[in-house]
Amino acid sequence: MIVVLTGGTGGAKFVDGLRQVVSAKELTIVVNTGDDLEWWGLYMSPDLDSITYVLAGLLSKERGWGVKGDTFFCLQAMGDLGEPIWFHVGDRDLAVHLLRSKLLAQGKTLTEATAIIAAKMSVQARILPMSNARVETRVDTPAGDLSFEEYFVQRWYQDPVNSVRFDGAADAEPAPGVVEAILSASAVILAPSNPITSIGPILAVPKILHALKETPAPVVAVSPLVDGKAVSGPAGVLMAAQGLPVSLAGLVQAYGEFLDILVADNADAKEVPELQRPNLRVVCANTIMRTADDKADLARAVLSFLNHQNAAPAADHP
């Protein structure tokens, strides 16, 4: 079983590639829920939805979020009624939020609701939220203390960032099955997601971080940076705000407690020699995922690096 920690559009693209080369039944996807929000009285979980949609073959490739071919009549009508519409929810997407909210109101946990929705969409991979407890990513800016979606979607991540925190994470328990999956995995992959606001909330749950340190499986992270810049989104700004260099070295600092392999883009090969250490391999591949073939090729490359790692003598985590 392969466990993937993921969030954001980069993570969804990588999972899309992985599902092309690995049986979905062999995948357990642990998903960031720090972006979750209440919107129009409904419980929204953007990253859970993106992973569910991509595994169901429904994700919009043009937008990188939401359902392909969706319409936005409800959004327009809510705007006509004077309701906020900065969080763009499509009509088919809205149906999932309605069902999730109904299930939660009936007493289902987020894990249970996620499994029910995935089953209805014929998804065979196991999708787990990082926690059933509410963990909220908060971004401190000169404009105020913002939720991640306010910072990212409403304000287009234009505000300078002082710091990022994960409210509720310190006391949150992992969702059932998360720790067990990490400890029994054949490999753990950190997708090329924002290390602060997509992977960071998952690592902020103490027992998940502990499991990553303890797992006998090799742990590999795919870089979301190319030549010192984020492939997309505000990862660079957020890394700097958290005191990390916007570079492969910054990723090593973020993940170094448990990381065995870092996959960098070919453009960053010059940085590799200075990062190599006895318990850390830094390798290169094409990490830019523009096409379905790009996604599959990157997934194959990561699995190849893992196979090489599994064939080598076991080493303790750094």
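Per chain, the residues get numbers from 1 upward, laid out in the order the sequence is written. Totals for whole chains, interfaces and linings use all residues, but because this is a predicted model, local features are given only for residues with pLDDT of at least 70 and pairs of side-chain atoms are given and counted only at 80 or more. By convention in this description, side-chain values take in all heavy atoms of the structure and omit both hydrogens and water.

Peer 1: Help me understand the overall build of the protein chain, please; the structure alone is not making it clear to me.
Peer 2: Runs of E in the DSSP output that reach at least two residues are strands. Runs of H or I that reach at least four are helices, and both are numbered from the N terminus. Scanning the protein chain from N- to C-terminus turns up 13 helices and 14 strands. Its C-alpha atoms give the protein chain principal-axis dimensions of roughly 60 × 45 × 40 Å. Burial statistics for the protein chain: of 318 residues in total, 54% are counted as buried. A 1.4 Å probe and the Shrake-Rupley method give the accessible areas. Residues count as covered only by the protein chains that appear here. Surface exposure of the protein chain reaches about 13,500 Å², of which carbon and sulfur atoms provide 52%. The charge count treats Lys and Arg as positive and Asp and Glu as negative. His and the chain ends do not count. Lysine's charge is taken at NZ, arginine's at CZ, aspartate's at CG and glutamate's at CD. One way to put it: in the protein chain the 25 positive side-chain charges average out to a point 5 Å from where the 36 negative ones average out. Categorising residues by exposure relies on relative accessible area from a 1.4 Å probe, with only protein chains included: less than 20% of the type maximum marks a residue as buried, more than 50% marks it as exposed, and the intermediate range marks it as partly exposed.

Peer 1: Can you help me understand the sheet that holds strand β14 (residues 281-285) in this one?
Peer 2: Note: strands within a sheet are paired through backbone hydrogen bonds, in either parallel or antiparallel orientation. Strands are labelled as partners when DSSP assigns at least two bridges between them. Across the sheet, which stays open at both edges, the seven strands sit in the order β5-β2-β1-β9-β10-β13-β14 with parallel pairing between neighbours. The open sheet is flanked by β5 (126-129) and β14, the only strands paired with a single partner. Within the sheet, the average angular offset between the axes of one strand and its neighbour, ignoring direction, is 20°. With five bridges connecting them, strand β1 (residues 2-6) and strand β2 (residues 27-31) associate as parallel partners. Bridging from a neighbouring strand, I2 pairs with L27 of β2. Across the sheet, helix α11 (residues 248-255) touches β9 (187-190), β10 (219-222) and β13 (261-265), and the angle it forms with β13 is around 155°. Angles here are taken between N-to-C directions and fall from 0 to 180 degrees, while the axes themselves are lines fitted to C-alpha atoms, restricted in helices to the stretch in contact. In this description, contact between two residues means that some pair of their heavy atoms is separated by no more than 4.5 Å.

Peer 1: Can you help me understand the sheet that holds strand β8 (residues 163-167) in this one?
Peer 2: If you trace the three strands from one edge of the open sheet to the other, you get β7-β6-β8, paired in antiparallel fashion. Here the strands that pair on one side only, and so sit at the sheet edges, are β7 (144-147) and β8. Neighbour-to-neighbour, the strand axes of the sheet open up by a mean angle of 30°, direction not taken into account. The pairing of strand β6 (residues 136-141) with β7 spans four bridges and is classified as antiparallel. When the bridges of β7 are listed, T141 appears paired with G144.

Peer 1: Looking at this structure, I do not really get the pairing of β2. What am I missing?
Peer 2: Successive side chains on a regular strand alternate, one facing one side of the sheet and the next facing the other. Of all five residues in β2, five are buried, a share of seventy percent or more. Here β2 shows no split at all, with L27, I29 and V31 on one side and T28 and V30 on the other all buried. Two strands pair when backbone bridges link them, and β2 and β5 are joined in this way by four bridges, in the parallel orientation. Within the sheet, the bridge partner assigned to I29 lies in β5 and is I127.

Peer 1: Can you walk me through the environment of Q106 in this structure?
Peer 2: Within the secondary structure, Q106 sits in the loop between α4 (91-105) and α5 (110-120). Remark: the alpha-carbon pair of Q106 and A240, spanning 134 residues in sequence, is separated by 42 Å.

Peer 1: Would you explain helix α2 (residues 46-55) in this entry?
Peer 2: Owing to its 3.6 residues per turn, the α-helix aligns residues three or four sequence positions apart on the same side. Most of α2 is tucked away: 10 of the 10 residues are buried. Among all positions of α2, only P46, D47, L48, D49, S50, I51, T52, Y53, V54 and L55 are buried. Two residues or fewer after α2 comes G57, characterised by a positive phi angle close to 75°.

Peer 1: Help me understand the packing of aromatic side chains, please; the structure alone is not making it clear to me.
Peer 2: Geometry of an aromatic ring pair is reported as the spacing of the ring centres plus the angle between the planes. Think of it this way: a Phe, Tyr or Trp ring, Trp meaning its six-membered ring, pairs with another when their centres are within 6.5 Å, and the plane angle makes it stacked under 30 degrees, edge-to-face over 60, tilted otherwise. Here the structure, examined in full by the defined rule, presents eight aromatic pairs. Ring plane angle 65° and centroid distance 4.9 Å describe the contact between W39 and W86, whose orientation is recorded as edge-to-face. Highlighted residues: W39 in strand β3 (residues 37-39) and W86 in the loop between α3 (73-80) and α4, separated in sequence by 47 residues. For W39, a relative accessible area of 6% corresponds to the buried category. Its relative accessible area of 21% is what places W86 among the partly exposed residues. For the ring pair F152 and Y157, a centre distance of 5.0 Å and an interplane angle of 15° mean the geometry is stacked. The exposure class assigned to F152 is partly exposed, which follows from its relative accessible area of 29%. Owing to a relative accessible area of 31%, Y157 belongs among the partly exposed residues under this scheme. Taken together, W39, W40, W86 and F87 form an aromatic cluster joined through their ring pairs. One residue, R63, lies across the ring of W65, its end atom 4.7 Å from the ring centre. By definition, being over a ring means that NZ of Lys or CZ of Arg is both within 6 Å of the ring centre and within 35 degrees of the ring normal.

Peer 1: Is there a simple way to explain unusual backbone geometry in this structure?
Peer 2: With the exception of glycine, the majority of residues adopt a negative phi angle, and the majority of peptide bonds are in the trans configuration. Despite not being glycine, W40 shows a phi value in the positive range, around 55°. Looking at the element boundaries, W40 is found in the loop between β3 and β4 (42-44). One non-glycine residue, S122, lies in the positive phi region at around 60°. If you trace the backbone, S122 turns up in the loop between α5 and β5.

Peer 1: Teacher, can you tell me more about the pairing of β13 here?
Peer 2: Burial analysis of β13 places five of its five residues in the buried class, the great majority of the element. The side-chain alternation of β13 yields two buried faces, one formed by I261, V263 and D265 and the other by L262 and A264. Pairing of β10 with β13 involves three bridges; the strand directions are parallel. Across the sheet, residue A221 finds its bridge partner in β13, namely L262. In terms of strand pairing, β13 meets β14 through five bridges, oriented parallel. Looking at the pairing, D265 lines up with A285 of β14.

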